[in-house]
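Chain residues, written in single-letter form:
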Amino acid sequence: MDCPSEHEQMITEPLLSNRKGGIRTLPFILANEAFESLANYGLFPNLILYLTREYRIDAAKGAHVLFLLSSATNFTPILGAFLADTYVGRYRMIGFGCMASLLGMVLLWLTTFPEARPPPCVQFSYNCKSATTLQLLLLYTAFCFLAIGAGGIKSSSLAFGADQLGTSNSLEHARIRESFFSWYYGIVAASVFLGMTFVVYIQDNIGWMVGFGVPVVLMILSSLSFFVASPSYVKSKPKASWITGLAQVVVGSIRNRRIKLSSQATDKVDYHTTGSMLLVPSEKLRFLNKACIIRNPQEDLTPDGKASDPWSLCTVDQVEDLKALIKVIPIWSAGMLKSVNVSQGSFLVLQASTMNRHITSKFEVPAASFPSIVVLVITTWVVLYDRIIIPLVSKVTGKIVCLNLKQRMGIGILLSTISMAALAIAESFRRATAVKEGFPDNPNAELHISAMWLLPYFVLSGLAEAFNAIGQNEFFYTELPKSMSSVASTLQGLGLSAASLVSSFIVSAVRDFTKGEAQESWVSSNINKGHYDYYYWLLTILSLVNFIYYLVCSKSYGPCRQEKWLNR
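Residues numbered from 1 in each chain as written. Predicted model: local features only at pLDDT ≥ 70, side-chain atom pairs only at ≥ 80, totals over all residues. Heavy atoms only, no water.

- Under an unreviewed UniProt entry, the name given to the protein is Protein NRT1/ PTR FAMILY 1.2-like, and the source organism is Populus deltoides.
- Regarding the protein, the relevant UniProt record gives this comment under Subcellular location (unreviewed entry): "Membrane". (UniProt positions renumbered as here; feature names shortened; annotations may be inferred.)

Given below as structure tokens:
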């Protein structure tokens, strides 16, 4: 049962209280997120091999399915945040997410049983049976529950942990909140790395049944970790969502579209809340200003001065919040297109599976573990950049030196472009080796070419993420009003969701345009007959165009707040 109010159960110092919330609840929330991330990231990297080898789904179609799954997994947290904030509350949303994720993982584990998938056969032989409708229905239902579960947990976990620490602005509380955020992101990063290595290794060496069973156990532990501390949690009541506020501005401006605006002073009064620093709206995107004009105080306002219909009359702050969001969308879209390159992981696993991945004569790195290099590069670069490079350069120059946010995002997009060129070159050599060694018809044969050819791509891709993704998060957080901090935290996830859909469209278009009656498509299931190198060169060209697009957007945006501060 939810508490009567947001923090009524907490005394003045909840961190030391014997009642609701406090530090003692944080380990349970962190354990919940750690086990959930470990389970999910142990499943996703190898799914392309599972689809192509066990279900014999075409590589392009399999990638299309995983692009849609990735898109849904990144979009459902936004929907989950809206529902948690507005209707059900964060505690119930996380609980629902745990149950949905667990059900999805159990269903996916059930697909490993012989009756639930096509019978085994030699890949690309003519007597292979396709999956039945019921078998595919079980598989896709599992994917749906995994996406729904991710939306429940990831939308509310961090905010729910912050709820336990209260709303005090004391120095002690601020330090503990900062420590919680650091531990949260650190644990998630460690879980991602372990999932991509430990769980994937089990799948490759013990089998799918055990490999998919481990995430089920991990998800059970995640759910138990969360629910065992239920009596001790602060369970905040849902309140109005930022999505509702932005929607009200759009609806209000449309309803008031007949109001004429003038650049000169008029007798029209703008509606604003008491104590607001914004008394009149800006002149940019003036059409939206119609949403905050008071036409008839007797009809538009209640006796206590509030809007009688918030869908017809909004505050100046609401209008300016929407304008700020619209202003950052072009730069957001450039980052979204950059994320298309990151979403090519399924094809990379297919490539790595054919290459020599032995570190020693007895130990072979799983193909699906190579993307974990990106996580290591991001973590290493963040430490080097923040703790060594910037302090050293600043000491040498005698002044504070740092790249501004737009420069960091631009460098990330450029590095991402170079990484795709490196990947195209590596694939060209890999394919040439396959043809030279006589394996054009056997895409599963191990070639005498080291998987280290893929290392430049992963390193450059990791650096690109460290510059652009982290820069984007900070850019959205600093450029959008503080009242929209929740918006800022969801924009990148929305970009990843959109990038997966764009990637799916590009793959489908490439497959349709390059496939002929006697010609394999560039993204053929037989990667030795296809031309993935051409496909990567296409993405390189698109990335270069996107970099130019970003430069235009960056110049049009003007100086951001960090630049203004640095130039003082």
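A short note on the pattern of salt bridges
Inference 1: Applying the stated rule across the entire model yields 14 salt bridges.
Inference 2: In this structure, the salt-bridge partner of Lys-323 is Glu-320, at a minimum N-O distance of 3.3 Å. On the criterion of helical spacing, the pair formed by Lys-323 and Glu-320 is a turn pair, its members being three residues apart in helix α11 (residues 316–342). When sorted by exposure, Lys-323 lands in the same class as Glu-320, which is buried.
Inference 3: Where Lys-338 meets Glu-465, a salt bridge forms, and the shortest distance between an N and an O atom there is 2.2 Å. (Salt bridge = Lys/Arg side-chain N within 4 Å of Asp/Glu carboxyl O. Helix = DSSP H or I, 4+ residues; strand = E, 2+ residues; numbered from the N terminus. Buried < 20%, exposed > 50% of the residue type's maximum accessible area, 1.4 Å probe, protein only.)

Digging into the confidence of the model for the protein
Inference 1: Counting all residues, the mean pLDDT for the protein is 85, and 90% of those residues have values of 70 or more.
Inference 2: Counting interchain partners and residues more than four positions distant, the pLDDT-below-50 stretch residues 1–18 has 40 contacts. (pLDDT = per-residue confidence, 0-100. Contact = heavy atoms within 4.5 Å.)

Details of the packing of helix α2 (residues 47–54) against helix α3 (residues 59–88)
Inference 1: Contact pair α2 / α3: the axes reach a minimum separation of 9 Å and the direction vectors enclose 140°. In terms of orientation, α2 and α3 fall into the oblique class. The two elements α2 and α3 cross, and the hand of that crossing is right-handed. Counting all contacts with α2, which are made through Leu-47, Ile-48, Leu-51 and Thr-52, the residues of α3 involved are Ala-59, Gly-62, Ala-63, Val-65, Leu-66 and Leu-69.
Inference 2: Split by residue class, the contact of α2 with α3 holds eight nonpolar, two polar and no charged. (Axes fitted to C-alpha atoms, helices over the stretch in contact; angles between N-to-C directions. Parallel < 35°, antiparallel > 145°, perpendicular 65-115°, else oblique. Left-handed = near helix turned anticlockwise from the far one by under 90°. Nonpolar A, V, L, I, M, F, W, Y, C, P; charged D, E, K, R; others polar.)

A word on the packing of helix α1 (residues 26–43) against helix α4 (residues 90–110)
Inference 1: Between α1 and α4, whose axes approach to 12 Å, the crossing angle comes to 30°. By the criterion of interaxial angle, the relationship of α1 to α4 is roughly parallel. Relative to α4, the crossing made by α1 is left-handed. Contact residues: Asn-32, Ala-39, Asn-40 and Leu-43 in α1; Ile-94, Cys-98, Met-105 and Leu-108 in α4.
Inference 2: Looking at the contact of α1 with α4, its residues break down into six nonpolar, two polar and no charged.

Description of the state of the cysteines
Inference 1: All told, the structure shown has zero disulfides when counted by the stated rule.
Inference 2: The structure places no disulfide on Cys-314, whose sulfur is separated from the nearest cysteine sulfur, that of Cys-292, by 8.0 Å. (Disulfide = S-S within 2.5 Å.)

Details of the nonpolar core
Inference 1: In this structure, Leu-108, Phe-143, Phe-347, Tyr-535 and Tyr-536 are the most contacted members of the largest nonpolar core, which totals 80 residues.
Inference 2: Beyond its immediate chain neighbours, meaning those up to four positions away, Phe-347 contacts Ala-59, Ala-63, Val-507, Val-523, Tyr-532, Tyr-535 and Tyr-536.
Inference 3: Grouped together as the second largest cluster of nonpolar side chains are 30 residues, Leu-288, Val-487, Leu-491 and Tyr-550 included. (Core = buried A, V, L, I, M, F, W, Y, C linked by side-chain atoms within 4.5 Å.)

Quick notes on the packing of aromatic side chains
Inference 1: Throughout the structure, instances matching the rule amount to 27 aromatic pairs.
Inference 2: Between Tyr-50 and Phe-212, the ring centres sit 4.9 Å apart and the planes meet at 65°, which makes this aromatic pair edge-to-face. With Tyr-50 in helix α2 and Phe-212 in helix α8 (residues 208–227), the pair connects residues that are 162 residues apart, well separated along the chain.
Inference 3: A relative accessible area of 0% means that Tyr-50 is categorised as buried.
Inference 4: Of the aromatic side chains, those joined through ring pairs into one cluster are Tyr-91, Phe-160, Phe-226, Phe-227 and Tyr-233.
Inference 5: Here the guanidinium or amino end of Lys-235 rests over the ring plane of Tyr-91, the centre of that ring lying 4.3 Å away. (Phe/Tyr/Trp six-rings, centres within 6.5 Å; stacked < 30°, edge-to-face > 60°. Lys NZ or Arg CZ within 6 Å of the ring centre and 35° of its normal.)

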